[in-house]
Amino acid sequence: MRRLTVLAVALILSFTAMPSAAAHGAGTLRGDTEGGSIPIFDPGAVSARCPTGFQWILETFGSGELTSDVYTGAFTYSGEHCSRWTTSPPDSADRTFPGRVGDGVLTVTTPEGILVLTYSGAFAFRGDVTLPEFTTKVWLRYQVDGHDSTGVFAGTSGRGVLWGNDQTGYQLLRLIGWLGSQG
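A brief structural summary. (Residues numbered from 1 in each chain as written. Predicted model: local features only at pLDDT ≥ 70, side-chain atom pairs only at ≥ 80, totals over all residues. Heavy atoms only, no water.)

## A closer look at the sheet that holds strand E3 (residues 72–85)
And then number 1: The 8 strands are arranged E1-E2-E3-E4-E5-E6-E7-E8 in a closed barrel whose pairing can be described as antiparallel. On average, each strand axis in the sheet is inclined to that of its neighbour by 25 degrees, with strand direction left out of account.
And then number 2: Pairing of strand E2 (residues 56–67) with E3, which is carried by 12 bridges, proceeds in the antiparallel orientation. The residue bridging Ile57 from the neighbouring strand is Cys82, located in E3. (Pairing = 2+ DSSP bridges. Helix = DSSP H or I, 4+ residues; strand = E, 2+ residues; numbered from the N terminus. Axes fitted to C-alpha atoms, helices over the stretch in contact; angles between N-to-C directions.)

In structure tokens, the structure reads:
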């Protein structure tokens, strides 16, 4: 039931954003990614990068396919965000442990320019951290950072959702939203 609720919210957010985006000359932005992730637990790095209360940094990397009005094709990406448990850290492989994501930055590099997204959201972790073997589902909201984007993405605006799975460091994510020019 929870999965259905999250999917319904993601679809509502996507469809809610699209009519207002269309009114401002924006088009859809869609992408599928495949890649990996590496956690960084160094307290010094976390305190230098993250707001108080976050417990680790997750670095991500990979490639994918993007579809938009200004570019359609392959891309590579790198990103990082701050993570924390919203309850206790995992102590059972049979339970799901919720967490928060904050201060995320995803850099999508294409032959036509760089698209920068900032994001935050939530995750649900299930698995054994001592092996490590786990599955994490993520639900993120993003905004386009047109100031730091370049090429065909320079000066753009937009927003949307990113959701997907991380299977012991192997990530599959889907991106859906809109991309338009700065108002």
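## Here's the deal with the packing of aromatic side chains
And then number 1: Tallying each qualifying case throughout the model produces 7 aromatic pairs.
And then number 2: Ring geometry for Trp56 and Phe123: centres 6.1 Å apart, planes at 65 degrees, overall edge-to-face. Highlighted residues: Trp56 in strand E2 and Phe123 in strand E5 (residues 113–128), separated in sequence by 67 residues.
And then number 3: Note on Trp56: relative accessible area 10%, which makes it buried. (Phe/Tyr/Trp six-rings, centres within 6.5 Å; stacked < 30°, edge-to-face > 60°. Buried < 20%, exposed > 50% of the residue type's maximum accessible area, 1.4 Å probe, protein only.)

## Digging into the state of the cysteines
And then number 1: Across all of its chains, the model carries 1 disulfide by this definition.
And then number 2: Through a disulfide, Cys50 is tied to Cys82; the S-S separation comes to 2.1 Å. The S-S bond linking Cys50 to Cys82 shows a torsion near -90 degrees; that makes this disulfide left-handed. Here Cys82 lies in strand E3 and Cys50 lies in the loop between helix H2 (43–49) and E2, a separation of 32 residues in the sequence.
And then number 3: For Cys50, a relative accessible area of 9% gives the class buried. (Disulfide = S-S within 2.5 Å.)

## Description of unusual backbone geometry
And then number 1: Residue Pro132 is reached from Leu131 by a cis peptide bond, and omega for that bond is -20 degrees.
And then number 2: Among the secondary structure elements, Pro132 is positioned in the loop between E5 and strand E6 (133–144).
And then number 3: Look at Asp103: it is not a glycine, yet its phi comes out positive at around 50 degrees.
And then number 4: Inspection of the secondary structure assignment puts Asp103 in strand E4 (residues 96–110).

## A few points about the side chain of Gln171
And then number 1: As for its placement among the helices and strands, Gln171 is situated in strand E8 (residues 170–181).
And then number 2: The class for Gln171 is buried, based on a relative accessible area of 6%.
And then number 3: A polar atom in the side chain of Gln171 sits 3.2 Å from the side chain of Asp166.
And then number 4: Excluding residues within four positions of it along the chain, Gln171 makes contact with Thr33, Glu34, Gly35, Gly36, Ser37, Leu58, Thr60, Tyr77, Asn165 and Asp166. (Polar contact = N/O pair within 3.5 Å; in protein donor to acceptor, adjacent residues only side chain to side chain. Contact = heavy atoms within 4.5 Å.)

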